[in-house]
Amino acid sequence: MDSSKGLRADILIIGAGQAGLAAANALRMAGLSFLMVDAGQAIGDSWRNRYDTLTLFTPRRISSLPGIPLIGDPDGYATKDEFSDYLERYAASNGYPIIRSTKVVRLEKVDELFLAYLEGGGRLISQAVIVATGAFSTPRTPEISYSLPSDIQQMHVADFRNAGSITSGPVLVVGDGASGRDVAMELAASHRALLARGRQRKLLPENILGRNIWWWLERLGLLRVSAYGLIGRRMRKADPFPTRGNDDASLIRSGVSLKSRLIALDGRRAKFEDGSSEDIGSIIWATGYAQDFRWIDIEGAVGSRYEAVHREGISPVAGLYYVGRPWQRNRASGLIAGVADDAAFVVEHLRRLRARRT
Ligand SMILES: Cc1cc2nc3c(=O)[nH]c(=O)nc-3n(C[C@H](O)[C@H](O)[C@H](O)COP(=O)(O)OP(=O)(O)OC[C@H]3O[C@@H](n4cnc5c(N)ncnc54)[C@H](O)[C@@H]3O)c2cc1C
């Protein structure tokens, strides 16, 4: 194969969200040159395109990237648009080289070079690649979603913007993670809203002894406990998240009807594990996201469930790295709070690899 044609870069970062920007910062600190490519039109679009009422669940104090603080009350929470604009400003202030509105549709490696094929034609050639494409771009819906009659509106929470786009009548939100809870609460103001819950969620209070829960998690070192140790593995399994006015009691007060697990759909009739059933007009699936790295066409890079194969962000494929994978190294990895450390970690590995080669 001819690997000589295409725009060349030393290091290519795919994705210019917070993880990609953290990688750019780490590469620049290490004196390494790079190019970024992002599918979105504007930096921060992955945040901007989330539901209208979203505010971050992490306080501003731990929601910024190195060198530029997020302006505002450090104990308060940024709106999603505020944070999107922050990312846009971060990229502009640092003058990072970013090719926008350009999706990488295939990544190959030929000898020592990576070839990133672009949607619409063309390719980028680099000696190393950092993949920072996010963990929330492939919505997952359960099998039963396919059996819904076409006159019942359904969407994944990733596509939900506001209550105005939901048909009148009872709306069932399936999945009681943070997004499912937020959306059910918002919908209860205008619709009969039901929330189907799966396994019992471990919810943490927003404040303990007058201090924000994130202060405690940082102080106790729990955000940085290794993903590979016993405590890390247990935390990951339990997957607790802090509530902010969306605990069960608050949901009930807002008018949300809490249901057990959804087990079947029979036309408009939704049936729940506790034997109850309800007629519904629409469904929002807040049922999580899958990994789909099929576009990385390199032997050994992707697992049987299309997941990225890596340890602490380092792929077994020499020169291939990740930033922003949930639990990449610890709990903070999938949060704004953790991407800078993870980026510094993989960039140090990359720097040593290059030093050995030259
Ligand atoms: C609803 C919700 C709320 C959250 N709230 C918080 C919070 O309060 N605090 C917190 O710390 N974390 C939060 N997170 C988790 C995490 O911080 C976000 O998911 C964040 O967007 C992850 O940043 P990222 O850079 O890894 O990925 P993304 O923000 O998804 O950015 C990935 C970028 O890669 C680009 N891209 C993807 N594929 C390609 C491709 N093939 N070619 C080119 N470009 C590509 C996309 O256009 C995008 O710009 C939240 C997540 C969700 C879903």
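For the structure itself, consult the block above.
Nothing here was measured: the structure is a model prediction, and the numbers come from that model.

Visitor: What's the story with the pattern of salt bridges in this structure? I'm lost.
Guide: Side chains carrying opposite charge are able to pair once their charged atoms draw close together. One pass over the full model with this rule turns up 26 salt bridges. We note a salt bridge from R100 to E88, for which the minimum N-O separation is 3.1 Å. Taken as a pair, R100 in the loop between strand 3 (98-99) and strand 4 (104-110) and E88 in helix 3 (residues 80-94) lie far apart in primary sequence, 12 residues in all. Residues E218 and R224 are paired through a salt bridge, measuring 3.4 Å at the closest nitrogen-oxygen approach. Take R224: its relative accessible area is 33%, and that puts it in the partly exposed class. Taken together, the shared-partner salt bridges connect D176, R181, R197 and D248 into one network.

Visitor: I'm lost on the packing of helix 1 (residues 18-29) against helix 3 in this one. Help?
Guide: Axes are the key here: two packed helices are described by the angle between their axes and the distance separating the axes. Between helix 1 and helix 3, whose axes approach to 11 Å, the crossing angle comes to 25°. Between helix 1 and helix 3, the angle is such that the two are roughly parallel. Helix 3 is crossed by helix 1, and the crossing has left-handed handedness. Residues Q18, L21, N25 and R28 of helix 1 lie in contact with helix 3, whose contacting residues are F83, L87, Y90, A91 and N94.

Visitor: I tried to follow the side chain of S333 on my own but got confused; where do I start?
Guide: With respect to the helices and strands, S333 occurs in the loop between strand 19 (320-322) and helix 8 (336-357). Within the structure, the side chain of S333 is placed 2.9 Å from the backbone nitrogen of R329, a separation counted as a polar contact. Residues in contact with S333, not counting those within four places in the same chain, are G324, R325, W327, Q328, G338, V339 and D342.

Rules of the game
Just so you know, the residues in each chain are numbered from 1, in the order the chain's sequence is written. Per-residue local features of the predicted model are confined to residues with pLDDT of at least 70, and side-chain atom pairs are confined, for both listing and counting, to 80 or more; whole-chain, interface and lining totals are unaffected and use all residues. Side-chain metrics rest on all non-hydrogen atoms present in the structure, leaving aside hydrogens and water. A carboxyl oxygen of Asp or Glu within 4 Å of a side-chain nitrogen of Lys or Arg is what we treat as a salt bridge. Helical segments are the DSSP runs of H or I of at least four residues, strand segments are the runs of E of at least two, and each set is numbered from the N terminus. For every residue, the accessible area obtained with a 1.4 Å probe (protein chains only) is divided by the maximum for its type, and the residue is called buried under 20%, exposed over 50%, and partly exposed between those limits. Note on method: axes are straight lines fitted to C-alpha atoms, helices fitted across the in-contact stretch only, with angles between N-to-C directions ranging 0 to 180 degrees. Here the word oblique covers every angle except those under 35 degrees (roughly parallel), over 145 (roughly antiparallel) and from 65 to 115 (roughly perpendicular). Rotating anticlockwise by less than a right angle from the far helix to the near helix defines a left-handed crossing, while the corresponding clockwise rotation defines a right-handed one. In this analysis, two residues are considered to be in contact whenever any of their non-hydrogen atoms come within 4.5 Å of each other. The term polar contact refers here to a pair of N or O atoms within 3.5 Å; inside protein, the definition further demands a hydrogen-donor-capable atom paired with an acceptor-capable atom, and it admits residues adjacent in sequence only when both atoms are side-chain atoms.

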